[in-house]
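Descriptive structure summary
Listed below are the residues making up each chain.
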Amino acid sequence: ETRLFQKKSIIYNFYNARISYPESEQLIVTEGYFDAITLSINGYKSSVSTMGTSISIEQINRLWQISKEPLLCFDGDSAGKKAAIRIIELIFPILKPGYSMNFLFLPDSMDPDELVRKNGKEAIRDNIRLSINLIDLLWMSRMDGVNYETPEKRAQIETDILNVISTIKDSEVKKHYKYEIMNRLNAFWKSKSFESNKVFFKTSGSKNTIKKSLATKDIMAKKNSMDE
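Please read these numbers as outputs of a predicted model, since none were measured by experiment. (Residues numbered from 1 in each chain as written. Predicted model: local features only at pLDDT ≥ 70, side-chain atom pairs only at ≥ 80, totals over all residues. Heavy atoms only, no water.)

**Looking at the overall build of the protein**
Summing up its helical and strand segments, the protein has 10 helices and five strands in all. Only carbon and sulfur atoms are counted for the fraction: they give 54% of the accessible area of the protein, which is about 14100 Å². (Helix = DSSP H or I, 4+ residues; strand = E, 2+ residues; numbered from the N terminus. Areas by Shrake-Rupley, 256 points an atom, 1.4 Å probe, with all protein chains shown as cover.)

Here you go:
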């Protein structure tokens, strides 16, 4: 870090990517500059690097100068996933109509350089098809592996997600995020309630339970007739 070299404001290969970026392709953003070099020489000319797992608001705004929806490519390890989740809180306040980000997590904890060397340049294109958008990342980060069995837990999850959405400064983007998330949550809660009911009724109304109930009724009926 010097006054001339400040990583938080630098996008490696920015100039070349900007002049070669075709609208039909995605701007691929990697963590390391060697990854950007490998992608560039293998046909992905619009490839840049943030030079590390962290990304700054300055870098996001510079990426938006090239593409409205850059594709952030992370190594498929826990560090890459944590870095992507950190971006949620960073990017939400500056979201604006038409501008967002997509996310790609590579398999087997590989980075783009390793993936291309091992599986060829088409492996990148195949994986791009598996990328997710920002709202899906938010959903997965808050819903995967959580306990939502009680109303209190569900209220906590809903509050957490809505608190993140409330940081969006643009009113229109905020409105549509809230609308989409509430629709997803309502559908999700209903589906889980339905599954719980099926389990409950399957257990309480099982064949064995019904047979025992009928047998008990028969015994009671016979006993009453004998008493008479």
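Now that the structure has been shown, we can carry on.
**Notes on the sheet that holds strand E5 (residues 132-133)**
The sheet built from five strands is open, its strands ordered E2-E1-E3-E4-E5 with mixed pairing. Among the strands making up the open sheet, the edge pair consists of strand E2 (47-49) and E5. In the sheet, strand E1 (residues 28-30) pairs with strand E3 (residues 71-74) via two bridges, with the strands oriented parallel. Each residue of the ladder has a partner; that of Val29, found in E3, is Leu72. (Pairing = 2+ DSSP bridges.)

**Side note on the confidence of the model for the protein**
Scored by pLDDT, the protein has a mean of 84; 83% of the residues are at 70 or more. Of the regions scoring below 50 in pLDDT, residues 198-207 engages in four contacts with residues more than four places distant in sequence or in other chains. (pLDDT = per-residue confidence, 0-100. Contact = heavy atoms within 4.5 Å.)

**Quick word on the nonpolar core**
Counting 41 residues, the largest nonpolar core has Ile91, Phe92, Met101, Phe103 and Tyr177 as the members making the most contacts within it. Sorting the residues of this core by element identifies helix H1 (14-20), helix H3 (57-64), E3, helix H4 (78-91), helix H7 (134-143), helix H8 (151-165) and helix H9 (171-204) as the ones contributing at least two each. The residues contacting Ile91, other than those within four sequence positions of it, are Ile60, Trp64, Met101 and Leu134. (Core = buried A, V, L, I, M, F, W, Y, C linked by side-chain atoms within 4.5 Å. Buried < 20%, exposed > 50% of the residue type's maximum accessible area, 1.4 Å probe, protein only.)

**Focus on H3**
The set of residues buried in H3 consists of Gln59, Ile60, Leu63 and Trp64. Seen end-on, H3 carries its buried residues on one side only, within an arc spanning 140°. (Arc of directions from axis to C-beta.)

**Details of the side chain of Asn13**
Along the chain, Asn13 turns up in the segment before H1. Using a relative accessible area of 19% as the deciding quantity, one classes Asn13 as buried. There is a polar contact of 2.9 Å between the side chain of Asn13 and the backbone oxygen of Ser47. Once you skip the residues sitting within four places of it in the chain, Asn13 turns out to touch Lys45, Ser47 and Val48. (Polar contact = N/O pair within 3.5 Å; in protein donor to acceptor, adjacent residues only side chain to side chain.)

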